[in-house]
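Coordinate analysis (summary)
For reference, the chains in residue letters:
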Amino acid sequence: MILFVTGLSNDSEQIRSVVCRLLQRGLNFTGCAEQCIPSELPENWEEYDALIIDSAILERYAGDPDMRKRLENYAGTKFVLPLYNRLSPDSGNWRDMTLTDVNMFATAAGLRRGEIPERPVAELIPLCVERIRHFYSKEFEGRDILGEFFLHLPLAMLSLEKSSYAPDGWSNYINDVLQKSFQIRDFAGDHDQVAAWNWAHLYSLRTGDAGAAEFMLHICDTLRARRPRTPEGVISPGGFVDDPLFFSKAGTHRFCTQAGTVAKRNLVMNENFHYLAGLFASAYEISGKQSYLDEAVKMLLTIAANQLDPSDNLLYHASCRGKAVGSKWARGCGHGLYGAYYMLRMAPSMPDHVKQLAIDFIDRVGHGLAAVQLPCGAWRNVLDSPVGEPELSSTAMFAALYSTLINEKLLDRDFYLPMLSGAFSALRRYVWRGVTINTAGTFTAGDNPDYYLRRPDFFYPVAWIIPALIETEKVLNYSNKTQGV
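The rules behind the values
Residues numbered from 1 in each chain as written. Predicted model: local features only at pLDDT ≥ 70, side-chain atom pairs only at ≥ 80, totals over all residues. Heavy atoms only, no water. Helix = DSSP H or I, 4+ residues; strand = E, 2+ residues; numbered from the N terminus. Rg over C-alpha atoms; globule rule 2.2 N^0.38 Å. Buried < 20%, exposed > 50% of the residue type's maximum accessible area, 1.4 Å probe, protein only. Contact = heavy atoms within 4.5 Å. Lys, Arg positive; Asp, Glu negative; His and termini not counted. Charge placed at Lys NZ, Arg CZ, Asp CG, Glu CD. Pairing = 2+ DSSP bridges. Axes fitted to C-alpha atoms, helices over the stretch in contact; angles between N-to-C directions. Salt bridge = Lys/Arg side-chain N within 4 Å of Asp/Glu carboxyl O. Core = buried A, V, L, I, M, F, W, Y, C linked by side-chain atoms within 4.5 Å. Phe/Tyr/Trp six-rings, centres within 6.5 Å; stacked < 30°, edge-to-face > 60°. Expected span 1.5 Å × (residues − 1). Arc of directions from axis to C-beta. Parallel < 35°, antiparallel > 145°, perpendicular 65-115°, else oblique. Left-handed = near helix turned anticlockwise from the far one by under 90°. Nonpolar A, V, L, I, M, F, W, Y, C, P; charged D, E, K, R; others polar.

Let's shift gears to the overall build of the protein chain. For the protein chain, the count of helices and strands is 17 helices and 12 strands. Relative to its length of 485 residues, the protein chain is compact, with a C-alpha radius of gyration of 24 Å against a globular reference of 23 Å. Projected onto its principal axes, the C-alpha coordinates of the protein chain cover approximately 80 × 65 × 50 Å. Per-residue burial for the protein chain yields a buried fraction of 56% across its 485 residues. Once local pairs closer than 6 in sequence are excluded, the contacts in the protein chain between residues at least 24 apart make up 72%. Considering the protein chain, the positive charge centre built from 48 side chains and the negative charge centre built from 56 side chains are found 3 Å apart.

The following block contains the structure:
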């Protein structure tokens, strides 16, 4: 085990970056199981074979001749990674620096991949809740539009509400967050900026405030009337046909950004399906108008036809004019799956044959995912690539989705049990203080798969951790009970 001692905050981006690299390499360290790196050298520190220490700790001992000599003797016979100013927030490329530092350190010290300890769900959930509260404590300040996290986080909060892990007053907290969210009655040119309105109908049902659901219908009507459409007739990811360069936002921070223009008008993207399918399914549920549901179904059928590879049942990130483009990016695959999931969730009254379309799509991709899962239980950033480190945002997405649908008796428990058991183990090892390894988001890159492999990864809040842990634990507990374990 590596002795890791720091004078920095455990929640600093710098420390998260180092922890990310250690976990990716399967290197256990002091404080890993406890989710807290120590700030003092233990009495037996010289018994460890390797030490990670930063300038704040070293400076503490600079004036102590005896301790300084012991540290220098240790460094002469064992292996020390001194982080110094490479962990300065002023170092613009510190993520790259920690990557090279940790890799060099592990290689020089001959450190080998080992077992990272699994942690109980009861210990991980409170740290994830803390991340959610931290997010919402700042996100409403000066905000005039809702981003994609206002779709993802309520999913986590609602999953927690139904569980025994819910904090006191959690339902009231959810209502308060939704109320503050849907006071913001505006949206812009990108699909990210309408995603949150998937929950407007639920908020109206919970609170009796019909205004949010009515504004959601207005958004759907506006998208249908003003968004460009792909050659297949699918609503495109962004822009307005009557304002193609977004001059209506000239002089604001939204002007002259790709997101607000019609530049993506030929792309069918999994993210767009994720963010819009539930929106139109909700509109159908409220109004009963088939034309709303048809928009979601059209997206589903187009993605199934053009982006689902029949050779391995994995999803390409996007398609352009009927041809799959990009790579089989793991989180991009998750985006496609969640479009189908939100259709099921937001429109429980939709026809059975449409429900079956969504379930069959999810199940087919699930068989593809089971075949490429890593031995550690996670998936790589590019699903069909033979190289790459574990990527946990997609792992959380897959675990949350498939365990939820199994608990709702919509998928085969026996087939998915090994896959979910592995993912559950990975999440309990790789989640650190409520965050996990997350490859940076990306747009499509045509025929350049290396682009996806080069995307940086770091620790970032991942909303799907909570439902993944809670729902997968239910699946595994049920299976253990039925088998008499």
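Here the narrative resumes, following the displayed structure.
Bringing the sheet that holds strand β7 (residues 318–320) into the picture now. Note: strands within a sheet are paired through backbone hydrogen bonds, in either parallel or antiparallel orientation. Taken together, three strands build an open sheet; the order of strands is β4-β7-β8 and the sheet is antiparallel. The sheet terminates laterally at β4 (267–269) and β8 (323–325), the two strands that pair on one side only. Strand-to-strand twist across the sheet, computed as the mean angle between neighbouring axes with direction ignored, equals 30 degrees. Taken together, the three bridges between β4 and β7 define a ladder with antiparallel strand orientation. Directly across from L267, in β7, lies its bridge partner C320.

An order of β1-β2-β3 is seen for the three strands of this open sheet, with the pairing classed as parallel. Only two strands of the sheet have a single partner each, and these edge strands are β1 (3–5) and β3 (79–82). Strand-to-strand, the axes of this sheet are offset by a mean angle of 10 degrees, without reference to chain direction. Of the pairings in the sheet, the one linking β1 to strand β2 (residues 50–53) comprises three bridges and is parallel in character.

Bringing the pattern of salt bridges into the picture now. What the rule picks out here adds up to 21 salt bridges. Note that K474 and E471 form a salt bridge whose closest N and O atoms lie 3.4 Å from each other. Of this pair, K474 and E471 both sit in helix α17 (residues 465–482), separated by three residues, roughly a single helical turn. Assessed through its relative accessible area of 34%, K474 is described here as partly exposed. When its relative accessible area of 4% is taken as the criterion, E471 is described as buried. Three or more residues joined by partner-sharing salt bridges are found here, namely D11, E130, R131 and R433.

Moving on, we come to the nonpolar core. L369 and Y402 are the most contacted members of the largest nonpolar core, which totals 146 residues. Residues I53, L58, Y61 and L71 belong to the second largest nonpolar core, which totals 13 residues.

This part is about the packing of aromatic side chains. Under the criterion given, the structure shown has 23 aromatic pairs. Seen from their ring centres, F182 and W197 are 4.8 Å apart, and the 50 degrees between their planes marks the pair as tilted. In this pair, F182 is assigned in the loop between α7 (170–181) and α8 (200–207) and W197 in the loop between α7 and α8, connecting sequence segments 15 residues apart. Taken as a pair, F182 and W197 share a single burial class, namely buried. On the basis of an interplanar angle of 70 degrees and a centroid distance of 5.8 Å, the ring pair of Y338 and Y341 is categorised as edge-to-face.

A few words now on α7. Residues three or four positions apart in an α-helix share a direction because the helix packs 3.6 residues into each turn. When the terminal C-alpha atoms of α7 are compared, their 16 Å separation across 12 residues agrees well with the 16 Å that a helix rising 1.5 Å per residue should span. All buried positions along α7 are accounted for by W170, Y173, I174, V177, L178 and S181. In an axial view of α7, the angular spread of the buried residues amounts to 130 degrees, which keeps them on one side of the axis.

Quick look at α8 now. Every buried residue belonging to α8 is among A200, H201, Y203 and S204, and all of these are buried. What you see down the axis of α8 is that its buried residues fit within an arc of 160 degrees, all on one side. Contacts from the buried residues of α8 go to α7, α9 (210–226) and α10 (270–287).

Time to look at the side chain of T439. Structurally, T439 can be placed in strand β11 (residues 435–439). Residue contacts for T439: discarding those within four places in its chain leaves R331, N381, E391, R455, P456 and D457.

This brings us to the packing of helix α6 (residues 149–161) against α7. The angle between the axes and the distance between the axes are what describe a pair of packed helices. Viewed as axis vectors pointing N to C, α6 and α7 meet at an angle of 160 degrees, and their least axial separation amounts to 10 Å. What the angle tells us is that α6 and α7 run roughly antiparallel. The way α6 lies across α7 gives a crossing that is left-handed. Contacts from F150, P154, M157, L158, L160 and E161 in α6 reach W170, S171, Y173, I174, V177, L178 and S181 in α7. Partitioned by chemical class, the residues of the contact of α6 with α7 number 10 nonpolar, two polar and one charged.

This next bit is on the packing of α7 against α8. Taken N-terminus to C-terminus, the directions of α7 and α8 make an angle of 125 degrees; their axes are 10 Å apart at the nearest point. Considering their axes alone, α7 and α8 lie oblique with respect to each other. Of the two possible hands of crossing, α7 and α8 adopt the one that is left-handed. The segment α7 lies against α8, with S171, I174, N175, L178 and Q179 engaging Y203, R206 and T207.

This part takes up the pairing of β11. Most of β11 is tucked away: five of the five residues are buried. Taken together, the five bridges between β11 and strand β12 (residues 457–461) define a ladder with antiparallel strand orientation. Counterpart to V435 in the pairing with β12 is P461.

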